[in-house]
There are 2 protein chains.
Amino acid sequence: METRELRYFVAVAEELHFGRAAERLGIAQPPLSRAIQQLERRLGVALLKRNSRAVTLTEAGSVLLREGRAALDAVDAADRRTRRAALAATGHPDLVLVTKAGASSELLPKLLDAYAAEPGAVTVDVLLCGPGEQERLLRDGRADVALLHRPFDSTAGFDTEELCTEGQVVVLPAGYHLTGRAHLRMADVTALPGLPMPRWPGADGAYPDGPGPEVRDHAQLLQLIALGRASAVLPESCRAHLRGDLAAVPVLDAPAVTTVIAWPPHSRSRALAGLVRAATRL
Amino acid sequence: METRELRYFVAVAEELHFGRAAERLGIAQPPLSRAIQQLERRLGVALLKRNSRAVTLTEAGSVLLREGRAALDAVDAADRRTRRAALAATGHPDLVLVTKAGASSELLPKLLDAYAAEPGAVTVDVLLCGPGEQERLLRDGRADVALLHRPFDSTAGFDTEELCTEGQVVVLPAGYHLTGRAHLRMADVTALPGLPMPRWPGADGAYPDGPGPEVRDHAQLLQLIALGRASAVLPESCRAHLRGDLAAVPVLDAPAVTTVIAWPPHSRSRALAGLVRAATRL
DNA sequence: TGGACCGATACCCGGGGGGTATCGCTGCCC
DNA sequence: GGGCAGCGATACCCCCCGGGTATCGGTCCA
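These numbers were taken from a predicted model, which means no experiment stands behind them.

**A look at the overall build of chain A**
- A count of helical and extended segments in chain A gives nine helices and 10 strands.
- Expressed as lengths along the three principal axes of its C-alpha atoms, the size of chain A is roughly 65 × 55 × 25 Å.
- For chain A, with 282 residues in total, the buried portion stands at 48%.
- For chain A, the exposed surface amounts to about 13500 Å²; the carbon and sulfur share of it is 52%.

**Looking at the protein's contact with DNA strand D**
- Near DNA strand D there are 22 residues, and of these Q29(A), S33(A), R50(A), A28(B) and R34(B) occur at the shortest range.
- Those atoms of DNA strand D that come within 4 Å of the protein belong to sugar or phosphate at a rate of 62%.
- With respect to DNA strand D, the side chain of R34(B) contributes an N or O atom lying 2.3 Å from a base nitrogen.
- Of all the secondary-structure elements, those providing two or more residues to the surface near DNA strand D are helix 2 (18-25) and helix 3 (29-43) of chain A together with helix 1 (3-15) and helix 3 (29-43) of chain B.
- In terms of residues, the surface near DNA strand D owes the most to one element, helix 3 of chain A, which gives five residues.
- Looking at the surface near DNA strand D residue by residue, the class counts come to eight nonpolar, eight polar and six charged.

**Remarks on the side chain of D140(B)**
- Relative to the elements of secondary structure, D140(B) occurs in the loop between helix 6 (134-139) and strand 5 (145-150).
- Residues in contact with D140(B), not counting those within four places in the same chain, are D73(B), D76(B), A77(B) and R80(B).

**Observations concerning the nonpolar core**
- In this structure, F9(A), L64(A), F9(B) and L64(B) are the most contacted members of the largest nonpolar core, which totals 62 residues.
- Among the secondary structure elements, those contributing two or more residues to this core are helix 1 (3-15), helix 2, helix 3 and helix 4 (59-89) of chain A together with helix 1, helix 2 (18-25), helix 3 and helix 4 (59-89) of chain B.
- Discounting residues that sit within four places of it in the chain, F9(B) has contacts with I36(B), L39(B), L47(B), L48(B), L57(B), G61(B), L64(B) and L65(B).

**Considering helix 8 (residues 218-226) of chain A**
Residue and element names in this part refer to chain A.
- Those residues of helix 8 that sit buried are H218, L221, L222, L224 and I225. Buried residues of helix 8, seen end-on, are gathered within an arc of 160° and therefore sit on one face of the element.
- Looking at the buried side of helix 8, the elements it contacts are strand 7 (168-173), strand 8 (232-235) and strand 9 (246-251).
- Among the residues of helix 8, the N-terminal cap falls to D217, whose side-chain oxygen and the backbone nitrogen of Q220 are separated by 2.8 Å.
- G228 sits one or two positions beyond helix 8 and adopts a positive phi of about 75°.

**Brief notes about helix 2 of chain B**
Residues and elements named next belong to chain B.
- When we look at burial in helix 2, the residues that qualify are F18, A21 and A22. On an axial view of helix 2, the arc spanned by its buried residues comes to 100°, and they lie on one face.
- The inward-facing, buried residues of helix 2 abut helix 1, helix 3, strand 1 (48-50) and strand 2 (55-57).

**Section: the relation of the copies chain A and chain B**
- Turning chain A through 180° and shifting it by 0.1 Å along the axis lays it on chain B, with an RMSD of 0.1 Å. Considering both components of the superposition, the chain copies are consistent with a two-fold axis. Across chain A, the rotation axis passes nearest the C-alpha of G157(A), at a separation of 1.9 Å.
- Counting the interface residues of chain A, we find that 100% of their copies in chain B are interface residues as well, pointing to one common contact surface.

**Things to note about the protein's contact with DNA strand C**
- By nearness alone, 22 residues border DNA strand C, and A28(A), R34(A), Q29(B), S33(B) and R50(B) come closest of all.
- In the interface set of DNA strand C, defined as its atoms within 4 Å of the protein, sugar plus phosphate atoms amount to 60%.
- R4(A) has a polar side-chain atom sitting 3.3 Å from a phosphate oxygen of DNA strand C.
- Within the side chain of Q38(A), one N or O atom sits 3.1 Å away from a phosphate oxygen of DNA strand C.
- If you list the elements that add at least two residues to the surface near DNA strand C, you get helix 1 and helix 3 of chain A together with helix 2 and helix 3 of chain B.

**Notes on the domain arrangement of chain A**
- According to the domain assignment, chain A contains domain 1 (3-74), domain 2 (93-162 + 257-280) and domain 3 (168-251).
- Computed over C-alpha atoms only, the centres of domain 1 of chain A and domain 3 of chain A are separated by 42 Å.

**Looking at the pattern of salt bridges**
- As enumerated under the stated definition, the model contains 46 salt bridges over all chains in all.
- R277(A) is paired through a salt bridge with E118(A); the nearest N and O atoms lie 3.4 Å apart. Of this pair, R277(A) sits in helix 9 (residues 270-280) while E118(A) sits in the loop between helix 5 (107-116) and strand 4 (123-129); the two residues are 159 residues apart in sequence, bridging distant segments of the chain.
- Taking the relative accessible area as the measure of exposure, R277(A) reaches 41% and is therefore partly exposed.
- A network of salt bridges, in which partner residues are shared, links D73(B), R80(B), R136(B), R139(B), D140(B) and R142(B).

**As for the sheet that holds strand 9 of chain A**
Residues and elements named next belong to chain A.
- The sheet built from three strands is open, its strands ordered 8-7-9 with antiparallel pairing. Two strands lie at the open edges of the sheet, namely strand 8 and strand 9, each paired on one side alone. With direction set aside, neighbouring strand axes in the sheet form an average angle of 40°.
- As defined by bridge partners, strand 7 adjoins strand 9 across six bridges and the pair is classed as antiparallel. Residue pairing in the sheet places Q168 in a bridge with V251 of strand 9.
- Lying on the sheet, helix 8 is in contact with strand 7, strand 8 and strand 9; it crosses strand 8 at an angle near 130°.

Conventions used here
- Residues numbered from 1 in each chain as written.
- Chains lettered and ligands numbered in written order.
- Predicted model: local features only at pLDDT ≥ 70, side-chain atom pairs only at ≥ 80, totals over all residues.
- Heavy atoms only, no water.
- Helix = DSSP H or I, 4+ residues; strand = E, 2+ residues; numbered from the N terminus.
- Buried < 20%, exposed > 50% of the residue type's maximum accessible area, 1.4 Å probe, protein only.
- Areas by Shrake-Rupley, 256 points an atom, 1.4 Å probe, with all protein chains shown as cover.
- Near = heavy atom within 4 Å.
- Polar contact = N/O pair within 3.5 Å; in protein donor to acceptor, adjacent residues only side chain to side chain.
- Nonpolar A, V, L, I, M, F, W, Y, C, P; charged D, E, K, R; others polar.
- Contact = heavy atoms within 4.5 Å.
- Core = buried A, V, L, I, M, F, W, Y, C linked by side-chain atoms within 4.5 Å.
- Arc of directions from axis to C-beta.
- Least-squares fit on C-alpha atoms with pLDDT ≥ 70 in both.
- Domains from an automatic or database assignment.
- Salt bridge = Lys/Arg side-chain N within 4 Å of Asp/Glu carboxyl O.
- Pairing = 2+ DSSP bridges.
- Axes fitted to C-alpha atoms, helices over the stretch in contact; angles between N-to-C directions.

Okay, here's the thing in C-alpha cells:
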C-alpha cells in the first residue's frame, strides 16, 4: 500500500464525497475514483458503499481510516524528524517541546533552566497548542516531547515519566459568593447558578451539546470567567498566575492532576534523554 | 514520501550495500540508486555516505531508518487490519492474541475461557512467538493484543492493563545440590558453577557475548537445564508445568514480574475492549 | 598494474497516474 | 412526470517515471 493511496482514501473517507476529496487533494475526480477502486481491488476489500447519492464507509473502511491516519502520521513524522536531524548536523541541534497553552506555567521554565544547565544541552523550542492537539503533534513529528496532564490528556502510545501531581481548584470571578470558602466539593461547583462549566472541542473539532460557553484556549476561558459567564476546575498551579479579577478555591474531591513528560517510544535521541533526565530530577 | 521509497531506503540502510539491497527488493541496482538519490533530493538531506568502497549512514539517515521502520510497520498494520476487518464482516470475527511461548501458561486458558463466556465474544486466535517478537507483531498488525511481562518486555507505545504480579524462581536440574533450599538470593544463582545463565538473542537477532548457551525459546531452555547445562530465573507460575527432571527454588530478591495485557492505542475495537475487560476481571 | 568490486550514469521501454469529455443513475422540483 | 442537477464511473489520451540493460569511473587488492 502506497502513502498516496492512503492519503486519497483518507480524504474520501473524511469527506464522504469524491468531488470534494479530489478538490482537497488537488487532483481531478476521475483519477481519484480509479485510485480508490484499485486500492479496494488490491486489498480485496470493499471500503466504501456508493449508492450514487451518498458515500458511506464499510466496517473495513472505518478500520482503514483509523489505521491509515496513524500510518500517515508515522510517515510524516519520519519525514519531519529526518529533515530536522539534518539541520542539526549543520550546527543547529534542536528539540521541540509542546504543551497546552496556559498549563505548566511554573514547571516549564524550571525544566528549561535545569536542562539548559546540563552539559551538552541543545536548543529547545517550545510550542504552545490548544487542548488535545499535543498527541497529534507528537505523533506526526512536529514535536519531540510533550508535557501532558493526566487524566485530561491521553498518554496512549507514548513513553512517559511522571513529574508531579497536584490537586485542583475551582476558578471563579473575584466577587462570587463562594470565593471566601476554604474549600469546596465537586457537587458544589458542577452546577453553579449562572456559571456553567465551559465546553471544549472534541477530537474532531466539534463542540458537545450543553449549557456552557464554547472555549478554545486558556486565555479565553479565564476571560469568560472574569466576565462572570463561566467557571472552571483547574490544577492548583494555575493560582500562581491568576489575574486579579479571579479567585480560586480548592476542590477536595476533584481528581488529582499528574503532569507527565511524554515522547514517542521509538525516537529516544541523546538530547531527548537529557531533557527527560533533567525533568525527572526536578 | 512514498512507502516504496521508505522500503528501498530501509533495505539499503540495513544492508549498507546497494547490490544486496536491490537483490533483496527484487529489482536491479541502478533504479535503487536513483530512488535513493531522488529521496535525498526531495528531503534535501544526505542520508548515506558512499565512498565507493563502503556505504555508511549519516546522522539523518539513522533517524530515517528508525522512523521509517516504524512508519512501514504502521502501514503494514493498516493493510493487515483492514483485510481482517473485511473477513470479520463476512461472518468470521477475529482477534489475534500473541504471547511468549511457554509464558502465562496458567493465565492464558483462564483468560480465554472467561472471555469466551462473555456475550458477543468472537474467535480469539493465539499466536506463540519467541521473546522480543511480540512488540513487532503488535505494531505491524499481525496481532491485536499481547500478554507482556514487565520488566522483560517493553510496553513502550502500547496501552496496557496490569493483570498480575508474581515473584521469580530459579529453575535447576532436579538433582542439583541447591534444590533442597527453601529460598535463595540473586547473588547465589548468578554464577552457579557449571550452570551459566543462558543468552537470549537481542532485537537484531544476534546473541551477546558470554559464557551461557544460546537459547531461542522456552522448551529449548528447559531442556538445557534438564541436561545440566544452564539455569534460569523465571516467574514462579512456571512451576505448575515443570517437568519431573527440573526443580525450582524461590529467589527472594529477584525483580517481581508483572503480566500486562497490551494493545496498540489507536485500535480499540469492541472485541478488543471485551477481551481487556475479561482480563482485568480475572 | 590489471582485475574485481561497487555505485553512478546513459539510455530505452512500458505501465500507470493524471487530465478532459462524457455517460448513467438518482433524487428533486417545477 | 419529465427535465435537470449532482455525483460517481467510464472512455480515452498523454507523458512521466519506475524499471530494465549496458557501461562508466573510482578504489582496493593481488
